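Remarks on the overall topology
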Amino acid sequence: QVRLVESGGGLVQPGGSLRLSCVTSGFTLDFHPMGWFRQAPGKEREGVACNSSSDGSATYADSVKGRFTISTDNDKNTVYLQMNSLKPQDTAVYYCATDLAGSSCLNIEYHHWGQGTQVTVSS
């Protein structure tokens, strides 16, 4: 049974940093593409960052490129999203996902999702 449990969200001031964690179970993490997504109230869910291979490469949305970093720790079965230089526009519920169904890992075509964690960027 696939399970994803997210944590690390909270309230942070503009320019601050947060590190989100997604603890996984029920599958081998190093063989599964992973993605981070976010959704604000009234907005569509959008891709933020993903890793579709085991070579360390990653793909980022233009809005977060240079500020966010996705990484995995296979021994801990955990995927992380390091978020730096946060902006109010980054405020959203953040989700991790696995088992890609589409051709691009930034698309929302995944079979399994976590419960989400709230990130609020405000002064």
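Quick note: structure is the one above.
Residues numbered from 1 in each chain as written. Predicted model: local features only at pLDDT ≥ 70, side-chain atom pairs only at ≥ 80, totals over all residues. Heavy atoms only, no water.

A few points about the environment of Q82
Along the chain, Q82 turns up in strand β8 (residues 78-83). Judged by relative accessible area, which is 27%, Q82 ranks as partly exposed. Sequence separation between Q82 and R67 is 15 residues, and the spatial gap between their C-alpha atoms is 8.2 Å. Every residue in contact with Q82, bar those within four places of it in the chain, is listed here: S17, L18, R19, R67, F68 and T69. Side-chain polar atoms of Q82 contact the side chain of N84, separated by 3.0 Å. (Helix = DSSP H or I, 4+ residues; strand = E, 2+ residues; numbered from the N terminus. Buried < 20%, exposed > 50% of the residue type's maximum accessible area, 1.4 Å probe, protein only. Contact = heavy atoms within 4.5 Å. Polar contact = N/O pair within 3.5 Å; in protein donor to acceptor, adjacent residues only side chain to side chain.)

Remarks on the pattern of salt bridges
One pass over the full model with this rule turns up 4 salt bridges. In this structure, the salt-bridge partner of D90 is R67, at a minimum N-O distance of 2.8 Å. Of the two residues, D90 is situated in the loop between β8 and β9 (92-100) and R67 in the loop between β6 (59-60) and β7 (68-73); the sequence distance between them amounts to 23 residues. Since its relative accessible area comes to 1%, D90 is described here as buried. Salt bridges sharing partners connect three or more residues here, namely R38, E46, R67 and D90. (Salt bridge = Lys/Arg side-chain N within 4 Å of Asp/Glu carboxyl O.)

Describing the side chain of R67
Judged by relative accessible area, which is 10%, R67 ranks as buried. Within the local environment of R67, its side chain forms a polar contact with the backbone oxygen of S85, the two atoms lying 3.0 Å apart. For R67, the contacting residues outside a window of four places in its chain are Q82, M83, N84, S85, L86, K87 and D90.

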